[in-house]
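Below are the chains, spelled out letter by letter.
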Amino acid sequence: MRKTHLAPAAVGGALTLAVLLSGCVANNPASSALTVDITDDGCNVSAATAASGAVKFTASNTGTQVNEFYILADDKLRIVGEKENITPGATVDYVAQLSPGTYYTECKLGMVGAGIGTSKFTVTGDEVALSGTDKEQSDTAVTNYVAYIKEQTDGLVTNVAAFTAAYVAGNDDEARALFPTARTNYERIEPTAEAFGDLDPKIDFREPMATEDGIPFTGFHRIEKDLWAPAGFTPSTPAERQELADGLNANVKQLFDLVREKDFTVSLSDISNGAIGLLEEVATSKITGEEDEFSHTDLWDFQANVEGASVAYGNVRDIAVSKGDDGKKLVEKIDKQFDALNKQLAAYGSLDAGFVTYDQLSTQQVKELSDGINALSEPLSQLTHTVLGIAE
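**Q** Before we move on, could you go through the overall build of the protein and cite the residues and values that matter?
**A** A tally of regular secondary structure across the protein gives 12 helices and 11 strands. Classification of the 392 residues of the protein by burial places 53% in the buried group. Taking all contacts inside the protein whose residues are at least 6 apart in sequence as the whole, residues at least 24 apart take part in 73%. Summing over all exposed atoms, the protein offers an accessible surface of approximately 15100 Å²; the carbon and sulfur share of this is 50%.

**Q** Tell me about the environment of P216, residues and numbers included.
**A** With respect to the helices and strands, P216 occurs in the loop between helix 5 (207–213) and helix 6 (220–227). Its relative accessible area of 63% is what places P216 among the exposed residues. In sequence terms P216 and F205 are 11 residues apart; their C-alpha atoms lie 9.3 Å from each other.

**Q** Could you give me a rundown of the pairing of strand 1 (residues 32–38), with the residues and numbers involved?
**A** Strand residues, when the strand is regular, have side chains that alternate between the two faces of the sheet. Residues S32, L34, V36 and I38 of strand 1 are buried on one face, while the alternating residues A33, T35 and D37, pointing to the opposite face, are not. Relative to strand 2 (residues 43–45), strand 1 runs antiparallel, the two sharing 3 bridges. Directly across from D37, in strand 2, lies its bridge partner N44. Hairpin geometry of strand 1 and strand 2 is characterised by an intervening segment of 4 residues between the two adjacent antiparallel strands.

**Q** Help me get a handle on unusual backbone geometry, residues and values and all.
**A** The phi dihedral of N85 is positive, around 50 degrees, even though this residue is not glycine. Mapped onto the fold, N85 is located in strand 6 (residues 79–86).

**Q** How would you explain the pattern of salt bridges if you had to name every residue and give the values?
**A** Under the definition given, this model contains 20 salt bridges. Across the salt bridge formed by D371 and K367, the nearest N and O atoms sit 2.9 Å from each other. Within this pair, D371 and its partner K367 are both found in helix 11 (residues 363–380), separated by 4 residues, close to a single helical turn. Here the salt bridges do not stand alone but share partners, grouping R183, E187, D204, E281, K286, E291, D292 and D301 into one network.

**Q** Which residues make up the sheet that holds strand 9 (residues 116–124), and what values go with them?
**A** Strand order across the open sheet formed by 5 strands is 3-9-8-5-6, with mixed pairing between neighbours. Edge positions in the sheet fall to strand 3 (49–51) and strand 6, since each has one partner strand and no second. Across the sheet, the axes of successive neighbouring strands diverge by a mean angle of 20 degrees, strand direction being ignored. Inspection of the sheet shows strand 3 paired to strand 9 by 3 bridges, in the parallel sense. Its bridge partner being in strand 9, T49 is matched across the sheet by T122.

**Q** Describe in detail the nonpolar core, supporting the description with residues and values.
**A** Counting residues in each nonpolar core, the largest one holds 71 residues, and the members touching the most others are F163, F220, L299, F302 and L383. With 11 residues, helix 1 (residues 132–168) is the single largest residue contributor to this core. Counting 22 residues, the second largest nonpolar core, distinct from the first, contains V36, I38, F57 and I86.

**Q** Now, about the sheet that holds strand 2: what can you tell me, with residues and values included?
**A** One open sheet holds the 4 strands; their spatial order is 2-1-4-7, and the pairing between them is mixed. The sheet terminates laterally at strand 2 and strand 7 (91–98), the two strands that pair on one side only. Averaged over neighbouring strand pairs, the angle between their axes works out to 25 degrees when direction is ignored. Note: strand 1 against strand 4 (residues 53–61), 7 bridges, orientation parallel. Within strand 4, the residue paired with A33 across the bridge is K56.

**Q** Tell me about the state of the cysteines, residues and numbers included.
**A** Enumeration over the complete set of coordinates arrives at 1 disulfide. Here C43 is linked by a disulfide to C107, with a sulfur-sulfur distance of 2.1 Å. Measuring handedness by torsion sign, the sulfur bridge of C43 and C107 sits at about 55 degrees and is right-handed. Here the residue C43 occupies a position in strand 2, and C107 occupies one in strand 8 (residues 101–107), the gap between them amounting to 64 residues.

**Q** An account of the side chain of R183 is requested, with residue identities and associated values reported.
**A** Tracing the backbone shows R183 in helix 2 (residues 172–188). A polar atom in the side chain of R183 sits 2.7 Å from the side chain of E187. Here D204 takes part through its side chain, which lies 2.7 Å from a polar atom of the side chain of R183.

**Q** So what's going on with the pairing of strand 9? Which residues, and what values?
**A** One ladder, built from 6 bridges, connects strand 8 with strand 9; its direction is antiparallel. Looking at the pairing, Y103 lines up with F121 of strand 9.

What counts, and where the lines are drawn
- Residues numbered from 1 in each chain as written.
- Predicted model: local features only at pLDDT ≥ 70, side-chain atom pairs only at ≥ 80, totals over all residues.
- Heavy atoms only, no water.
- Helix = DSSP H or I, 4+ residues; strand = E, 2+ residues; numbered from the N terminus.
- Buried < 20%, exposed > 50% of the residue type's maximum accessible area, 1.4 Å probe, protein only.
- Contact = heavy atoms within 4.5 Å.
- Areas by Shrake-Rupley, 256 points an atom, 1.4 Å probe, with all protein chains shown as cover.
- Pairing = 2+ DSSP bridges.
- Salt bridge = Lys/Arg side-chain N within 4 Å of Asp/Glu carboxyl O.
- Axes fitted to C-alpha atoms, helices over the stretch in contact; angles between N-to-C directions.
- Core = buried A, V, L, I, M, F, W, Y, C linked by side-chain atoms within 4.5 Å.
- Disulfide = S-S within 2.5 Å.
- Polar contact = N/O pair within 3.5 Å; in protein donor to acceptor, adjacent residues only side chain to side chain.

In structure tokens:
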């Protein structure tokens with residue numbers, strides 16, 4: 001789970017992931033390049049308008065705390081794009097495909113709570129359609145990735161039902177065995193859930209984030225705490241277990257339904273940025289061991305994030321290759337580093353056979369995994385630029 005609290009939204013039939021982004025263009029000559037000055041109390045975008053198409057935001061955090069940058073739809077609720085984990089002193093690039101319309105930009109200090117520096121942002125111009133081979137590649141990537149999302153939510157509903165049934169019945173050994181595998185489908189596609197307002201916090205918030213944000217601590221990690229109860233903690237009663245299980249099942253079913261709405265779609269930037277975001281999540285909450293603090297089943301989540309990133313990347317890989325020599329070289333680097341990272345993970349187990357718990361890894365082993373993530377993160381961070389055909 002990423003350390004974010006997304007803008008609350010009433011999730012309904014009209015809400016789709018980046019529906020405002022679909023139909024935008026790679027190689028748009030009118031694309032914009034903007035800067036974002038992030039401080040502890042401000043979020044200043046260098047211009048209030050941009051041309052439709054691929055818009056590049058270069059964000060610099062001159063504040064004292066980690067921050068993140070959001071692009072919201074005109075209702076100030078739906079999340080059109082986000083760049084997380086912008087640490088103090090860091091400058092990062094984020095590329096979004098934006099159709100003409102009204103948006104809002106804001107930052108989130110500490111990646112929790114209310115947004116700061118919320119400002120109106122207008123995208124002008126016309127929708128620019130892809131044509132020929134570009135359009136065929138784009139349509140194929142979107143179609144295949146949407147199908148993957150639906151497939152994963154199908155597995156999620158089934159696996160969570162089995163997990164919660166064991167938990168409610170008091171079969172704690174069985175529930176503990178099912179906990180990491182019940183999360184796998186979710187971890188592969190978490191950026192999708194994060195686009196639906198408060199759905200991700202309900203499903204996957206950790207206790208410190210829930211406490212800091214003043215929301216109920218529910219979902220996977222609340223059940224995890226029951227199953228691996230720390231000293232001094234009073235586990236839930238049978239009635240409380242039933243309530244927690246019902247809530248988790250209802251929320252994953254809501255995600256299942258939302259991605260099957262007739263107008264649900266994703267854009268190329270959603271897919272490529274999703275790959276980048278999943279790996280960034282590994283580099284933050286997974287590598288530190290803070291994600292599954294009671295069960296220490298972080299390596300299952302780690303592997304699922306890497307698999308999800310690999311699938312997202314695979315859906316836009318041919319588009320990157322089609323961009324010429326630079327694209328081909330980038331793909332070679334990404335392929336190589338994905339292979340290397342998967343080999344590292346295989347030394348500790350697999351999703352089918354299980355992994356060693358994260359607390360069994362030595363400091364040196366954790367460092368080696370961190371180095372593997374960083375080696376992949378560097379070329380992968382260039383993926384959206386390449387896919388959309390804009391300069392770094």
